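# Geometric and topological summary
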There are 2 protein chains.
Amino acid sequence: MNIGLLGFGTIGSSFYRLTLNQEGFCVKTLLSRREREGLSCQVVYSFDEILNDPEIDTVVELIGGMHPAFDYIYAALNAKKHVVTANKMVVCAHYKELISLAEQNGVCLRCTAAAGGGIPWLPSINRAAAMDRLDAVEGILNGTTNYMLSEMTARGADYSELLREAQELGYAEADPTDDVEGFDTRRKLVLSANLAFDISVNEQDVPCEGISTLSSEDIAWAKERNLVFKLSARAERHGSGISAYVCPTLFPSATTEAQTNDIYNLVSLYAEHIGKQSFFGAGAGDYPTASNVLADCMEIKRGCPPFYNDHSLDDCGIDNAGTEGPWLFRANGTYTVRCLSVANAFYVLSKLRGIDSTALLAKLPYTVEV
Amino acid sequence: MNIGLLGFGTIGSSFYRLTLNQEGFCVKTLLSRREREGLSCQVVYSFDEILNDPEIDTVVELIGGMHPAFDYIYAALNAKKHVVTANKMVVCAHYKELISLAEQNGVCLRCTAAAGGGIPWLPSINRAAAMDRLDAVEGILNGTTNYMLSEMTARGADYSELLREAQELGYAEADPTDDVEGFDTRRKLVLSANLAFDISVNEQDVPCEGISTLSSEDIAWAKERNLVFKLSARAERHGSGISAYVCPTLFPSATTEAQTNDIYNLVSLYAEHIGKQSFFGAGAGDYPTASNVLADCMEIKRGCPPFYNDHSLDDCGIDNAGTEGPWLFRANGTYTVRCLSVANAFYVLSKLRGIDSTALLAKLPYTVEV
């Protein structure tokens, strides 16, 4: 496989190094914004040099962000080149369009590294969905915020201190919005739900709360009750609809979720006959993520369908008006617990934000004393 | 894919039902010992009718046991038919022979359902091993004993009561030896280690202790110390050797292992760059296991190598003389803790069994007060 690699950041450079030890996979050309020395591939500064090279059969996009990554991915598929990406932003926003493009051009599109870091999560959803009905997917899907929450929990440190630390460690970007506001998690949930339920969800339809209003007082409040804060996402079938949301979630301290710390992810699927399957592994980090990129290349080289499966790609709205459950609110320093539907919980939060911009919403496992 | 199905027990019948809903996969013929009515396939009583049918491209062996299952698998591969099996006994005992036979005949052999029930465990080891160095594999791999231990722990019930219960529930066989003595777990560990380290292990070389000497007093002793008994297996690289063993293992009660209950399995791999990955799911049960059989059929239909990977199949002895750790012993009612190598721990147990046939050996996570 002759690869045109776009991007030489932490994941791109790790992927490149992996290919050096892998017979049959060769990065022929690297698109870089800077000069690079000591590489065994040619380095170019214009994407056209990759696009127009008939020897390159696969483009690996590891730049990230919407543009020009989407434009490169689109052009590559249109030029009948396979595409492997870790770019959840692009794949979510252009899901149907890119899958259709891959199908029309008889090439393959894969994005396993986009959700779950090094965990073979999307292939495992696909494997289960091929023969069973999936009822739910959920999990802790963002390594940055999980690192921050684990450390806040372990050390009683406050949010801004941990954000600074995460940035210094390279776990968080200079602009950490996508991670801390839950948008990154939301995209990963959308990809998971799309595969699990054979649908196409608009990420904007999924209510999303991140961790930016969580304080060390909240962490302490939880600790007194043997609960631990995580940023969790869940999508499930109910009736004829799909419910989906992202928000801080409290887990009893003895649960696997509560003990999934640092940059690790924990994701679960629930299928009618197969039951529950959970997957735990590094959700971020150069080699774990790069390994999923290489695994996708190997799948494509073996021969595989244009996308993970034949998907109906039916648009699917989110219906969060169903089952009620206990939710924790904090506004103006006061904690309350209310039993509400997901939709109503987010509605109440929006009202509370009008009087307290740092108001908190968190999902509870059961009703607790405030 | 036209399938010759051997066996119509819990897994065979579940697999058959799964194929009814799966386009492209058809059980053409069933080999059964009894008459069967209402099936859409033909039922035969002689394996030759499947072996000699040129329309049948794949044999799915779900009879279990060594003979005639091994003979059928061997003949099928030799007749250039693919084979999918859940039979860990056969695959372990004839590992190199069957893989070579598949390679020579240009057909595929898969046994994902043999280790981990419904969990995509063997494919996940293979995926990681394709691009990284695996350092260890371990886990709780037997649903029967895990059910028994979970219930003994939860209810304080004794071993013989739980064995009776497990048999009534169909979780244990009339002859439960393979499960309770750890032999089933050992075979699953051997398959896992073979794939992880690119070797071929003789199961008899792996020291193996099951749960048949565990008493409710042992469970209570552990509970007082916030420890939980599980039957665990571990294989790891050390120096230039491979260590491997199966034995009762104590886990702190807050760990994921301690909380993996009922018929669930929890398996982990440790790779140099990818880090730790864990997989949790139903380790037994009709549909989970049958789903892994069908997933193997789907792999074969897509086109895949003769076995999970090109394996060197080098014979590999087990070297358990390395790292020392804390072990719990009970003999004549007295508990002791000693820091020993794996090899020495099993040696001491063999001596203790000379004076007390119910002597216990268990691996500790750290030194404890007796």
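Placed above this text is the structure.
All values reported here derive from a predicted model rather than from experimental measurement. (Residues numbered from 1 in each chain as written. Chains lettered and ligands numbered in written order. Predicted model: local features only at pLDDT ≥ 70, side-chain atom pairs only at ≥ 80, totals over all residues. Heavy atoms only, no water.)

### What about helix α5 (residues 95-105) of chain A?
All names here are of chain A.
- The set of residues buried in α5 consists of Tyr95, Leu98, Ile99, Leu101, Ala102 and Asn105. Taken around the axis of α5, the buried residues stretch over an arc of 160°, which confines them to a single face.
- Where α5 is buried, its residues contact α3 (69-78), α4 (88-93), β6 (109-110), α10 (183-197) and β8 (199-200).
- Backbone geometry just after α5 places glycine 106 at a positive phi near 65°. (Buried < 20%, exposed > 50% of the residue type's maximum accessible area, 1.4 Å probe, protein only. Helix = DSSP H or I, 4+ residues; strand = E, 2+ residues; numbered from the N terminus. Arc of directions from axis to C-beta. Contact = heavy atoms within 4.5 Å.)

### Here's the deal with the sheet that holds strand β6 (residues 109-110) of chain B
Residue and element names in this part refer to chain B.
- Reading across from one edge, β3-β2-β1-β4-β5-β6 is the order of the six strands in this open sheet, with parallel pairing throughout. Each of the sheet's edge strands pairs with one partner strand only, and the pair in question is β3 (42-44) and β6.
- Inspection of the sheet shows strand β4 (residues 58-61) paired to strand β5 (residues 82-85) by four bridges, in the parallel sense. Opposite valine 59, over in β5, you have valine 83 as the bridge partner. (Pairing = 2+ DSSP bridges.)

### Side note on the packing of α3 of chain A against α5 of chain A
Residue and element names in this part refer to chain A.
- Where α3 meets α5, the closest approach of the two axes is 8 Å, and the angle between their N-to-C directions is 20°. Compared by their axis directions, α3 and α5 come out roughly parallel. Taking contact as the criterion, the partners of Phe70, Ile73, Tyr74, Leu77 and Asn78 in α3 are, on α5, Glu97, Leu98, Leu101, Ala102 and Asn105.
- Looking at side-chain class alone, the contact of α3 with α5 contains seven nonpolar, two polar and one charged residues. (Axes fitted to C-alpha atoms, helices over the stretch in contact; angles between N-to-C directions. Parallel < 35°, antiparallel > 145°, perpendicular 65-115°, else oblique. Nonpolar A, V, L, I, M, F, W, Y, C, P; charged D, E, K, R; others polar.)

### Topic: the relation of the copies chain A and chain B
- It takes a turn of 180° to lay chain A on chain B, together with a shift of 0.0 Å along the axis; the resulting RMSD is 0.0 Å. The superposition operator between the copies reduces to a two-fold rotation axis. Of the C-alpha atoms belonging to chain A, the one lying closest to the rotation axis is found on phenylalanine 279 of chain A, 2.4 Å away. (Least-squares fit on C-alpha atoms with pLDDT ≥ 70 in both.)

### Points about the packing of helix α7 (residues 143-155) of chain B against helix α11 (residues 216-224) of chain B
Residues and elements named next belong to chain B.
- Viewed as axis vectors pointing N to C, α7 and α11 meet at an angle of 65°, and their least axial separation amounts to 9 Å. Comparing the axis directions of α7 and α11 gives the class roughly perpendicular. Handedness of the α7/α11 crossing: right-handed. Residues Leu149, Met152 and Thr153 of α7 pack against Ser216, Ile219 and Lys223 of α11.
- Across the contact of α7 with α11, the residue classes tally to three nonpolar, two polar and one charged. (Left-handed = near helix turned anticlockwise from the far one by under 90°.)

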